[in-house]
Amino acid sequence: MLIDEWAIVFNLLSIALMELLAAAALLALIWPLMARHITLFSAATQKKLLWLFVVTPWVASILCLFIFLPSVFQLESTLWLTSLVHWHHPYVFYPDSWHGAALFLFMLGTAYVFIKNGLGAARHLNALDLLTRLSKESPGGRIQSNSRQWKIGRDNIVLESRTPVAFAAGLLSPRCYVTTGLIRQVTEAELDIILAHERAHIKHKDTQKKLFFALLASLYPKPIAQRLNRLFSLATEQLADAHVSQSYSVFDVAQTLVNAARIRRFSGNSVNTVSINYFIADDVDVRVRALLAPQTFRSFPWAHCLLIMMLTTTLSIGGVDTLHHLVEAIFSH
């Protein structure tokens, strides 16, 4: 049994955990509706909505703590929500209670996710370091391939591989990578577009953002998390395509996408896009249509999103208090 300061800390953690899970559960219920309508917005707006979706449970959890604080410390508050919630025995915490079990399981799951992603990131960085050391040298920023000389640039890594692929990868210092297998099968203009696309990912810090987004999305059930990651990745690729189309013709960018997709299809290689931005990894047909036939999208629904956040927070806070009282009535400490 823990008493006083440590008991308050663990009780506050229990409140935050219950609010986090309650908010995530509520948002998971409305996810099918959001998934059907998110394509009505531009790629930039889709990214904002997706960020809002994965961040809201954590924001609600923090807000819940502030709302429960008067109850925990037995203070007076003028906020109407505090009259609806209170926490039993704030100065006592039993590690062998259901609160302790829930905290332990959540901490165990969180540790598993971070260790798994940490080991994945470490393997990713080691592989990139090995690829960089084994990369094909290109003195003067040029490389010879099939009796043709290509201007690559010193900020790009050329990999000696038959697999036709180009990608941006890295956490602290992302770099552009392109294989000789791809270089041999594209024109010089197409290669310029591909490398410009990957540099756009680096400029916008997409490799780091995708990894952080995947961590936040892991709070949801696996099917929802996978869909969230795919939508986020697609929106990221569309924004990189749009960035490149500012310097090149949209028709050239679209043609490069189609040609690169055809090359990858014949190579039969699959890719993992969690922490790497591949040029030809996501829904090429959607990206080509976005370039050649841009739609008129709806404006960003700020009012609706803020309302949903407020309702999610309010309902989940009420749910935390109700669940707490229900379990307290069933189980005895």
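Residues numbered from 1 in each chain as written. Predicted model: local features only at pLDDT ≥ 70, side-chain atom pairs only at ≥ 80, totals over all residues. Heavy atoms only, no water.

**What about the overall build of the chain?**
Applied cut-off: Strands here are runs of E lasting at least two residues and helices are runs of H or I lasting at least four, both read from the DSSP assignment and numbered beginning at the N terminus. Buried residues are those whose accessible area, probed at 1.4 Å on protein chains only, stays under 20% of the maximum for their type, while exposed residues exceed 50% and partly exposed ones sit between those limits. Only heavy atoms matter for contacts: two residues are in contact if any of them lie within 4.5 Å across the pair. Per-residue accessibility takes into account occlusion by the displayed protein chains alone, with areas from the Shrake-Rupley method and a 1.4 Å probe.
From N to C terminus, the chain includes 10 helices and eight strands. Expressed as a percentage of the 333 residues in the chain, the buried residues total 44%. Expressed as a percentage of contacts within the chain between residues at least 6 apart in sequence, the contacts between residues at least 24 apart total 70%. Carbon and sulfur atoms make up 64% of the accessible area of the chain, which amounts to about 17900 Å² in all.

**Observations regarding the packing of aromatic side chains**
Inclusion rule: Pairing of aromatic rings covers Phe, Tyr and Trp, the last through its six-membered ring, and needs centres within 6.5 Å; plane angles under 30 degrees mean stacked, over 60 mean edge-to-face, and all others mean tilted.
Following the criterion strictly, the structure yields seven aromatic pairs and no others. Pairing Trp-51 with Phe-212 gives two aromatic rings, centres 6.0 Å apart and planes at 35°, and the pair type is tilted. Separated by 161 residues along the polypeptide, Trp-51 in helix α2 (residues 43-72) and Phe-212 in helix α6 (residues 206-217) bring together distant segments of the chain. On the basis of relative accessible area, Trp-51 is assigned to the partly exposed category, the value being 23%. Residue classification places Phe-212 among the partly exposed positions, given a relative accessible area of 46%. Here Trp-51 and Phe-232 contribute two aromatic rings whose centre-to-centre distance is 5.4 Å and whose plane-to-plane angle is 85°, an arrangement assigned as edge-to-face. Taken together, the residues Trp-51 in helix α2 and Phe-232 in helix α7 (residues 222-244) connect sequence positions 181 residues apart. On the basis of relative accessible area, Phe-232 is assigned to the buried category, the value being 2%. Within the aromatic cluster, the residues linked to one another by ring pairs are Trp-51, Phe-212, Phe-213 and Phe-232.

**Regarding unusual backbone geometry**
Of note in this structure, Lys-205 is not a glycine but carries a positive phi near 55°. By the secondary structure assignment, Lys-205 is in the loop between α5 (188-203) and α6.

**Some remarks on α6**
Just so we agree on the cut-off: A helix's residues, less one, multiplied by 1.5 Å, set its expected span.
With 12 residues, α6 ought to run about 16 Å at 1.5 Å a step, and its terminal C-alpha atoms sit 16 Å apart, in line with that. Buried within α6 are the following residues: Asp-206, Thr-207, Lys-210, Leu-211, Phe-213, Ala-214, Leu-216 and Ala-217.

**Focus on the confidence of the model for the chain**
Note the threshold: Values of pLDDT, the confidence the predictor places in each residue, fall between 0 and 100.
In this model, the chain carries a mean pLDDT of 77, and residues with pLDDT of at least 70 account for 73%. Across the chain, the element-wise mean pLDDT spans from 48 in strand β4 (residues 148-151) up to 92 in α7. Under a pLDDT of 50 for its full length, residues 137-141 has, in the predicted model, seven contacts with residues more than four places off or in other chains. Taken together, the stretch residues 144-150 has pLDDT below 50 and engages in 20 contacts with residues farther than four places along the chain or on a different chain.

**Points about the pattern of salt bridges**
To be explicit about the condition: Put simply, a salt bridge is a Lys or Arg side-chain nitrogen that is within 4 Å of an Asp or Glu carboxyl oxygen.
Scanning the model with the defined rule gives six salt bridges in all. Across the salt bridge formed by Arg-184 and Glu-160, the nearest N and O atoms sit 3.4 Å from each other. With Arg-184 in the loop between α4 (180-183) and α5 and Glu-160 in the loop between β5 (156-159) and β6 (166-169), this residue pair connects regions lying 24 residues apart in the sequence. Exposure remark for Glu-160: the relative accessible area of 45% places this residue in the partly exposed category. For the salt bridge of Asp-283 with Arg-230, the shortest nitrogen-to-oxygen distance reads 2.7 Å. Of this pair, Asp-283 sits in the loop between β8 (277-278) and α9 (284-292) while Arg-230 sits in helix α7, and the two are 53 residues apart along the sequence. It is possible to trace a salt-bridge network through shared partners that takes in Glu-237, Asp-241 and Arg-287.

**What about the pairing of strand β7 (residues 175-179)?**
Taken residue by residue, a regular strand's side chains alternate between the two faces of the sheet. Here is the rule: Here the rule is simple: two strands pair whenever DSSP picks up at least two bridges between them.
Of all five residues in β7, four are buried, a share of seventy percent or more. Pairing of β5 with β7 involves four bridges; the strand directions are parallel. Bridge assignment links Val-158 to a residue of β7, and that residue is Val-178. Sheet analysis places β6 next to β7, joined by four bridges and oriented antiparallel. In the strand pairing of β7, Ala-169 is matched with Arg-175. Taking the residues that link successive antiparallel strands as the turn, the β6-β7 hairpin has five residues, and the phi of Gly-170 there is positive, at about 125°.

**Remarks on the packing of α5 against α7**
For clarity, the threshold we go by: To define axes, lines are fitted to C-alpha atoms, for helices over the stretch in contact only, and angles between the resulting N-to-C directions are given on a 0 to 180 degree scale. To sort the angles, those under 35 degrees are grouped as roughly parallel, those over 145 as roughly antiparallel, those from 65 to 115 as roughly perpendicular, and the leftovers as oblique. Rotating anticlockwise by less than a right angle from the far helix to the near helix defines a left-handed crossing, while the corresponding clockwise rotation defines a right-handed one. In this count, Pro and Cys sit with the nonpolar residues alongside Ala, Val, Leu, Ile, Met, Phe, Trp and Tyr, while Asp, Glu, Lys and Arg are called charged and the others, Gly among them, polar.
In the contact formed by α5 and α7, the axes pass within 9 Å of each other and the chain directions differ by 120°. Judged by the angle between their axes, α5 and α7 are oblique. In this structure, α5 crosses over α7, and the sense of that crossing is right-handed. In contact with Ile-193, Ala-196, His-197, Ala-200, His-201 and Lys-203 of α5, α7 contributes Thr-236, Glu-237, Ala-240, Asp-241, His-243 and Val-244. Each residue belonging to the contact of α5 with α7 can be placed in one class, and the counts come to five nonpolar, four polar and three charged.

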